[in-house]
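Residue-level structure breakdown
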Amino acid sequence: MRRPCLKVPKRLASRAIALLKALGLYERGLRVKREGESVLIPLARWPEESELRELEEGLGRFELSEEDFEPRGERPSLLALLSRSIPSELLDLAPRAFDIVGDIAIVELRPELWPYRRQVGSAIMALHRRVRLVLAKGGPVSGAFRLRPLTPIAGSGPTETAHREHGCVFWLDVARTYFSPRLSYEHARVASQVREGELVIDMFAGVGPFSILMAKRTGLIIVYAIDINPVAIHYLARNVRANKVMGSVVPVLSDAKEVVQRGLSGLADRVVMNLPERAAEFLESACEALRPEGGILHFYTFAGAPEPEHEAVEALRMGVERAGRTIRRVLLARKVRAVAPFKWQVVVDAEVA
Ligand code: SAM
């Protein structure tokens, strides 16, 4: 089947696929193919101007063309499988997508489908043979540790798993630590900007997807990876060992503000702030952590229509100025993902003076 195609060097393939998925450009129904040292990835459509800029920023080198691709195997869709086991009038409410973290699938179920939860879980396991446990979301992410209730609906075994992302392994417990495979591209995008010799503070590190990838990619850096959830820090420490970045990543169990005040003031070249619901409250600490001559902030927040990127930049600007510093340059502002109708998670990268 003839389709638009993105050609990248082999080493950029997983980053390119994560970025294309984040942009809604990845054509899932067709097979990626190899050509010498390059990988050809099928696209669902031609990228728009703004998407081309993101591809340039994220990948540097790529080519666009048109190619023939083979369809993936005849794997039925979740909907097709469910049509055999749930009443047809409920099919419109059936989940279209779900997350896979390691060997666990996590799905959002409408209340009307709750009586058919086992059928949904079994259909997901039939589609993905490596999934051994299916959990249904029991509410929104909440609380200081950013967790949500999860209920088993199919399969068995513990909620601990090992998830692979960008050549790293992340051990985690999906019920007791925050992790989202939907942030895969952000983890790689931020990590790709770090340079040797930097001191980085990951204020809300979770099980370490930003910190560990940065250290793995760049080698000679120090990352203070802070989290207030003891279970997240337990897994972070395990992931530091599993990915062999012991000299570079320092796990710290504490409140990020306290850690900065206690001993990281004026030291950081770069601060990652991935706590979108509350990051603005921590801007004063983040600015205090940056070197007096300046540094980079990666600021994640939630923002709404009509101009979420503008709203996020203004929230950052206000917080930075309140801390007595200024934004020298906004490097990037982009929607990371939709979280509700007309509401997005947005990231702003900015150079602070
Ligand atoms: N950066 C990680 C990732 O991409 O998977 C985790 C992000 S998660 C949205 C936010 C994390 O911040 C949670 O693991 C939570 O426990 C932690 N957290 C919440 N309040 C905190 C605080 N005051 N200081 C340090 N960590 C905090």
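Everything in this summary refers to the structure shown in the same document.

1. As for the packing of aromatic side chains
Pairs of aromatic rings are described using the distance from one ring centre to the other and the angle between the two planes. A full pass over the atoms with the stated rule returns three aromatic pairs. When the ring of F210 is compared with that of Y300, the centres are 6.0 Å apart and the planes differ by 50°; the resulting orientation is tilted. Taken together, the positions of F210 in helix 6 (residues 209–218) and Y300 in strand 15 (residues 295–304) put the pair 90 residues apart, joining distant regions of the chain. Relative accessible area serves as the criterion here: at 1%, Y300 is assigned to the buried category. Sitting over the face of the ring of F282, K257 holds its NZ or CZ atom 4.8 Å from the ring centroid.

2. Describing helix 8 (residues 256–264)
When we look at burial in helix 8, the residues that qualify are A256, V259, V260 and L264. One side of helix 8 carries all its buried residues, which in axial view fall inside an arc of 100°. Across from the buried face of helix 8, at angles greater than 90 degrees, the exposed residues are Q261 and R262. Those residues of helix 8 that are buried are in contact with strand 11 (199–202), strand 12 (222–227), strand 13 (249–253) and helix 9 (283–289). Put simply, D255 is the residue that caps the front of helix 8, since its side-chain oxygen is 3.1 Å from the backbone nitrogen of K257. Positive phi appears at G266, one or two residues downstream of helix 8, with a value of about 70°.

3. Section: the pattern of salt bridges
All told, the structure shown has 25 salt bridges when counted by the stated rule. Notably, a salt bridge pairs R182 with D99, separated by 2.9 Å at the nearest N-O pair. Taken as a pair, R182 in the loop between strand 10 (168–173) and helix 5 (184–191) and D99 in strand 5 (residues 99–101) lie far apart in primary sequence, 83 residues in all. Residue classification places R182 among the partly exposed residues on the basis of a relative accessible area of 45%. Judged by its relative accessible area of 13%, D99 falls in the buried class.

4. A look at the environment of A215
Of note, A215 is situated in helix 6. The buried category is assigned to A215, whose relative accessible area is 4%. Between the C-alpha atom of A215 and that of S180, which follows or precedes it by 35 residues, the distance is 20 Å. With sequence-adjacent residues up to four places away left out, A215 is seen in contact with I221, V245, S248 and V249.

Each value, and the rule that gives it
Residues numbered from 1 in each chain as written. Predicted model: local features only at pLDDT ≥ 70, side-chain atom pairs only at ≥ 80, totals over all residues. Heavy atoms only, no water. Phe/Tyr/Trp six-rings, centres within 6.5 Å; stacked < 30°, edge-to-face > 60°. Helix = DSSP H or I, 4+ residues; strand = E, 2+ residues; numbered from the N terminus. Buried < 20%, exposed > 50% of the residue type's maximum accessible area, 1.4 Å probe, protein only. Lys NZ or Arg CZ within 6 Å of the ring centre and 35° of its normal. Arc of directions from axis to C-beta. Contact = heavy atoms within 4.5 Å. Polar contact = N/O pair within 3.5 Å; in protein donor to acceptor, adjacent residues only side chain to side chain. Salt bridge = Lys/Arg side-chain N within 4 Å of Asp/Glu carboxyl O.

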